[in-house]
Amino acid sequence: MTSYSKEVLGDLAAGKLPWPQTRRIMSAYKDDDRFFKMVAVYQDRVAWADPILLPVSDHLFICQSGDERITRCECGHSFGDYRKNWKLKAAIIVRNTEEALREIYPNSDIPDPQWMEIREFICPECGTMHEVEAAAPGYPIVHDFEPDLEGFYREWLGKPL
Amino acid sequence: MLDKPASVLRLRERLLDSERLMEETGCYDGITELTLRNEDPLKFETLHTKLRAYCVSAREMARRISASPGVREVGEMVVAIYTPEGDAIALSNGIMVHVHTMSRFIKWMIKNNYEENPKIREGDIFANNDAFIGTVQVPDVMDVVPIFHEGTLVGWAGAVCHELEAGGITPGGDVCLAQERFTEGLFVCAEKIGENDEIRRDYVIRCERNLRMPIYWVLDEKAKVASCIDMRESVKQLISEIGLDYWMKVSKEFIEEGRRAQLARTRQLTVPGIYRGHTFYGHVTAGKPGFQLLGDPDWLYNIPIEMEITTDGKITMDFEGTQPWGYHSMNCTPAGMDGGMFVTLTQHMNFEGLVNDGAWMATELKLPHGTWTNPDNEMVATATSWALLLPAYGVFQRLLSRGFVARGFVEEAFVGQVNSPMIEMGGESQYGTPFGMAHFECAAAGSGALAIADGLDTAYVGWNPESDMGNIEVWEQSMPMVYIGRSIVPNSGGAGKYRGGCSFVSTWLINKTSHLRLHTSEHSSRVFDNSGMCGGYPAPTCQKHRAVRNSNIHELAANGEPLAHAPGIDPDVSDYEKNIGGDHVLVEGPYITSPHKSGDIFSHSYNGGGGYGDVLERDPIKTAWDVENGYLTREAAIQVFGIVLKDDAEGYPVADIDATVERRAAMRKQRLAKAIPVSDWIAAERGRVEKADFAPEVKKMYASAIKLSSRFTKDFSDFWTVDAKSIFMPGAKP
């Protein structure tokens, strides 16, 4: 069975693994012990102790915090119950003018702000940009991911939460 | 269960029986046990490898028969082997989207009783390019031949080429001006086009009389038929070695194994749950010549997707909330939507083991009737379906990637494909003859970023995983334009910790013609039709077309003056305007204008991919390399990424790490100072929503989505705590 060390997976997640080795991992049969090893990699990366249950973005994790399961930023900021859309507890910058869009697209044609805006969802504590939505004005904020956490652990990982 | 050698049932009954068995057992054709695989797995695997080799070899042979640079250079072809009921057992590389669309075509003929009339006999050749029967768009012309063994139908061999000219209202294959079926070009509707392995002369005459460039279509027909016969003979030889009963059983076990493998891979690589995403497409045609006012000339489509992965590993994609079909060429049929699903799965999950129709069977598409994904009117045009398909399946790639990230398989996460606008052309060739062609260098856009690396530059499109832009010299042989530039577009990848792959722009001098029609399709306007992920930005998508009519380029060249080979990086004044005299033209959206002539200049940009992760985490050293090599500008490095560059002794950019750290800290601080709580933003924005204070096209989009979808209406109303219907459809019944 294919398996990699935590160090290799740590480098892979950080984009530091040399490309030939990365390429081999991409092409090889997948390692069935990946999930918990990767969780351990992330757990080492964060400064807080709540056990990570699921990574959901580059710096966002669902973790067990006391009796609650919450979405937490790598910096420690809590976005609340993992079943709720974390974006609703984030800070936001909306780019809906030519000037604001031009800051990100200095040399290209830009969208018509009457038709489309950019919404940047930011951790209010550390300022990390967790997600960017490009949407028509008035479009409801999307709830990206509602994992079936119980089903995942119980039926796929064989380890009840 | 497998007791179906050389079935005595008629084909139509056999197909219905197979569908019933799938319904009842949940397994393909009722195969609940993989008996042959369990008995001798090595033989099982070896046989499938052989079938795949037959397909790959047949395709390569056919590419050398074709006259079309689309097929020869870019590889716009795929072949596959099917069961008698029309399910794909094995396939070649290439435009794999059509493996399942051909399946639909075969099943359509069976269900429409082709056994009775026009009959299915050994040596027959059937062709189709009708998307409501089974293809994506009119230029995707497919040929299938039945495989008989001692008088019994034992399978089908099929091949598809994307034709460069389809004889529609505008020249080329992707007929951008088609607004209904009757202007899309030459239709071949599940037609018997040959017997005894020979294409009928009257069919060839029809092609010759109805196409601008019949040599492409007709030679591609010959290439496809040759590949089908090649596969057919190989399969017959194989059956003589392994026996008919074994063939009939093993070919179906391959598909059931493929179905199970897909479920297992979903369970292995993802996390169950609900995933959501959306994208948009804008179309601007007001005032452009040729468009009939059958609908709004300018419009905006939303494409929301909800994907569910259940704990048994099934993937369901639901398009509820999207827009109605319209009088344009970008509608899609369920066959095309299936094809999009198949080619995406093949690239992201079904890339090992027995790649076949089984993967598709482990998924489900919910395509709301009346929308562009499933029109309730078969007269609609689908000539440029990819315009909406690509952004839609780009969303699917991001949704899957969210699952890969959550599961820890970061190396599989990918921000997705983008539209790559195509140029269609026709008129008088450089040889003084009539011609028509699609320029397929668009088959090399930038890809979305990965979660661990930048996207591929000028090397990916979703519809052809072997993406290739083709050689300049070969394209120049086929059209009355010569290249004066083909270069990377700086900043064309979406910004992020990992940037999206960059696109390229070509510039041509129109040459040796007095009449060249140039049109473009799959060209979204005013909006992003792609996205970033996990903090990355979308790639810029709406580059306008630039042209110079009556240019003085020959005079400049004669005087040794500098020319312009690309638009440059000033968004307000192009290098063409700076260096070349003549009538400068700037066109938003699809390029549809009066014909060009020798001496004019035309440029066309393709699209880059979306970015991944927070821009403030991008590697400064990599960025210096990007600036040095023209993938990013210095302006973007400092303004977007917060990376300060200085010059080394030889004038090359190098990262100033200390200054970068300082600048990024300031940018982060600025972000926090500028950002407001989302709840405050919602409260403020609600007033605008209540007043429907939006552009007319945006309001129309909401009204259309609300009319078609109660779920969209509820979600919109719940989010803003408003009554969406009364805002966007005043006077409508509650």
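This one's a predicted model, so the numbers in the text were calculated from it and none came from an experiment. (Residues numbered from 1 in each chain as written. Chains lettered and ligands numbered in written order. Predicted model: local features only at pLDDT ≥ 70, side-chain atom pairs only at ≥ 80, totals over all residues.)

Below, the discussion takes up the overall build of chain B. Tallying secondary structure elements over chain B gives 22 helices and 22 strands in all. For 734 residues, the compact-globule formula gives about 27 Å, and the C-alpha radius of gyration of chain B, at 26 Å, lands near that figure. Over its C-alpha atoms, taken along the principal directions, chain B stretches across nearly 75 × 65 × 60 Å. Counting over 734 residues, chain B shows a buried share of 60%. (Helix = DSSP H or I, 4+ residues; strand = E, 2+ residues; numbered from the N terminus. Rg over C-alpha atoms; globule rule 2.2 N^0.38 Å. Buried ≥ 20, exposed ≤ 12 C-beta atoms within 10 Å, placed from the backbone.)

So, about the overall build of chain A. Of the regular secondary structure elements, chain A holds five helices and eight strands. For chain A, the sequential pattern of α-helices and β-strands runs α-α-α-β-β-β-β-β-α-β-β-β-α. Its C-alpha atoms give chain A principal-axis dimensions of roughly 55 × 45 × 30 Å. Burial analysis of chain A (161 residues in total) assigns 40% to the buried set. Across chain A, every contact between residues at least 6 apart in sequence was considered, and the portion connecting residues at least 24 apart equals 41%. (Contact = placed C-beta atoms within 7 Å.)

This paragraph deals with the interface of chain B and chain A. Counting residues at the interface gives 75 residues for chain B and 58 residues for chain A. With eight residues, the top contributor of residues to the side of chain B that touches chain A is strand S8 (residues 273–284) of chain B. Classifying every residue of the side of chain B that touches chain A by side-chain character gives 41 nonpolar, 19 polar and 15 charged. Where strand S8 (residues 145–147) of chain A lies against S8 of chain B, three bridges are found, and the strand directions are antiparallel. Of the residues in S8 of chain B, the one forming a bridge with Pro 147 of chain A is Gly 273 of chain B. (Nonpolar A, V, L, I, M, F, W, Y, C, P; charged D, E, K, R; others polar. Pairing = 2+ DSSP bridges.)

Another point: the domain arrangement of chain B. Split into domains, chain B comes out as domain 1 (57–242), domain 2 (273–312 + 385–605), domain 3 (615–674) and domain 4 (678–728). Relative to domain 3 of chain B, the C-alpha centre of domain 1 of chain B lies at a distance of 52 Å. (Domains from an automatic or database assignment.)

A few words on the UniProt feature "domain: Hydantoinase B/oxoprolinase" (unreviewed entry) in chain B. UniProt feature "domain: Hydantoinase B/oxoprolinase" (unreviewed entry): in the numbering of this structure it lies at residues 40–614 of chain B. The span residues 40–614 of chain B shows a helical share of 30% and a strand share of 21%, and its end C-alpha atoms are spaced 51 Å apart. (UniProt positions renumbered as here; feature names shortened; annotations may be inferred.)

Another point: unusual backbone geometry. Residues and elements named next belong to chain B. Residue Asn 117 is joined to Pro 118 through a cis peptide bond whose omega torsion reads 15 degrees. Its location among the elements puts Pro 118 in the loop between helix H5 (97–111) and strand S3 (125–128). Located in the positive-phi region is Ala 190, a residue other than glycine, with phi close to 45 degrees.

A few words on the sheet that holds strand S11 (residues 363–366) of chain B. Taken in spatial order, the five strands make up an open sheet running S8(A)-S8(B)-S9(B)-S10(B)-S11(B), and their pairing is mixed. Strands with a single pairing partner mark the edges of an open sheet, and in this sheet they are S8 of chain A together with S11 of chain B. Neighbour to neighbour, the strand axes of the sheet diverge by 15 degrees on average, direction disregarded. (Axes fitted to C-alpha atoms, helices over the stretch in contact; angles between N-to-C directions.)

This brings us to helix H19 (residues 678–690) of chain B. Residue and element names in this part refer to chain B. End to end, H19 covers 18 Å across 13 residues, agreeing with the expected 18 Å (1.5 Å per residue, within 8%). Ala 684 marks the point of greatest bend in H19, at about 25 degrees. In the stretch just after H19, Ala 692 is the one whose phi turns positive, near 50 degrees. (Expected span 1.5 Å × (residues − 1). Bend = angle between axes of the 7 residues up to and from the residue.)

On to the packing of helix H7 (residues 201–210) of chain B against helix H8 (residues 214–242) of chain B, then. Residue and element names in this part refer to chain B. In contact at an axis separation of 8 Å, H7 and H8 are set at 155 degrees when each is read in the N-to-C sense. Taken as axis vectors, H7 and H8 run roughly antiparallel relative to one another. Considering the relative orientation of H7 and H8, their crossing is right-handed. Seen from H7, the contacting residues are Val 204, Cys 207 and Glu 208; seen from H8, they are Pro 214, Trp 217 and Val 218. A per-class count over the contact of H7 with H8 returns five nonpolar, no polar and one charged. (Parallel < 35°, antiparallel > 145°, perpendicular 65-115°, else oblique. Left-handed = near helix turned anticlockwise from the far one by under 90°.)

In this section: the environment of Arg 212 of chain B. Residue and element names in this part refer to chain B. Tracing the backbone through its elements, the reader meets Arg 212 in the loop between H7 and H8. On the neighbour-count criterion, Arg 212 (21 C-beta atoms within 10 Å) is buried. Each C-alpha atom of the pair Arg 212 and Leu 164 lies 9.9 Å from the other, and the pair is 48 residues apart in sequence. When neighbours within four sequence positions are excluded, Arg 212 is seen to be in contact with Glu 165, Gly 167, Pro 171, Gly 426, Pro 434, Phe 435 and Gly 436.

Attention shifts here to the sheet that holds strand S1 (residues 52–55) of chain A. Residues and elements named next belong to chain A. If you walk across this open sheet you meet the four strands as S1-S2-S3-S4, and the pairing is antiparallel. Edge strands, defined here as strands with exactly one partner in the open sheet, are S1 and strand S4 (78–81). Within the sheet, the average angular offset between the axes of one strand and its neighbour, ignoring direction, is 25 degrees. Two elements, S1 and strand S2 (residues 60–65), share three bridges in a ladder whose sense is antiparallel. Among the inter-strand pairings, Leu 54 is bridged to a residue of S2, identified as Ile 62.

On to helix H20 (residues 696–708) of chain B. With 13 residues, H20 of chain B should cover 18 Å at 1.5 Å per step; its first-to-last C-alpha distance of 18 Å lies within 8% of that length. Among all positions in H20 of chain B, only Glu 697, Val 698, Met 701, Tyr 702, Ser 704, Ala 705 and Ile 706 of chain B are buried.

Another point: the pairing of strand S16 (residues 516–521) of chain B. Residue and element names in this part refer to chain B. The element S16 is extensively covered by neighbouring structure, given that five of its six residues are classed as buried. As defined by bridge partners, strand S12 (residues 422–428) adjoins S16 across six bridges and the pair is classed as antiparallel. When the sheet's bridge partners are listed, Gly 427 is paired in S16 with Leu 516.

Residues and elements named next belong to chain A. Among the seven residues of strand S7 (residues 129–135), seven are classified as buried, and the element is accordingly described as predominantly covered. As defined by bridge partners, strand S6 (residues 117–122) adjoins S7 across six bridges and the pair is classed as antiparallel. Counterpart to Glu 117 in the pairing with S7 is Ala 135. The loop that links S6 with its antiparallel partner S7 comprises six residues; one of these, Gly 127, has a positive phi angle of about 85 degrees.

Residues and elements named next belong to chain B. In terms of nonpolar packing, the biggest core is built from 256 residues, with Cys 55, Ala 80, Ile 81, Val 144 and Leu 388 touching the most fellow members. No other element matches helix H12 (residues 386–407), which puts 14 residues into this core. Not counting the four nearest positions on each side in its chain, Leu 388 is found in contact with Tyr 281, Tyr 301, Ile 303, Met 330, Cys 332 and Trp 372. (Core = buried A, V, L, I, M, F, W, Y, C linked by C-beta atoms within 7 Å.)

Residues and elements named next belong to chain A. Running from N to C, helix H1 (residues 6–13) and helix H3 (residues 34–45) point in directions that differ by 70 degrees, and their axes come no closer than 9 Å. Here H1 lies roughly perpendicular to H3, going by the angle between them. The two elements H1 and H3 cross, and the hand of that crossing is right-handed. Facing H1, whose interface residues are Lys 6, Leu 9, Gly 10 and Ala 13, H3 presents Lys 37, Met 38, Ala 40 and Val 41. Classifying every residue of the contact of H1 with H3 by side-chain character gives five nonpolar, one polar and two charged.

This next bit is on the environment of Gly 185 of chain B. Residues and elements named next belong to chain B. Structurally, Gly 185 can be placed in the loop between strand S5 (152–162) and strand S6 (191–195). Assessed through the 27 C-beta atoms surrounding it within 10 Å, Gly 185 is described here as buried. Expressed as a C-alpha distance, the spacing of Gly 185 and Gly 168, which sit 17 residues apart in the sequence, is 3.5 Å.

Here we come to the confidence of the model for chain B. Residues and elements named next belong to chain B. In the predicted model, chain B carries a mean pLDDT of 95, and the fraction of residues at 70 or more is 99%. Within the model, pLDDT remains below 50 along residues 1–6, and this stretch shows 13 contacts once partners closer than five positions in the same chain are excluded. Predicted complex metrics record ipTM = 0.99 and pTM = 0.96. (pLDDT = per-residue confidence, 0-100.)

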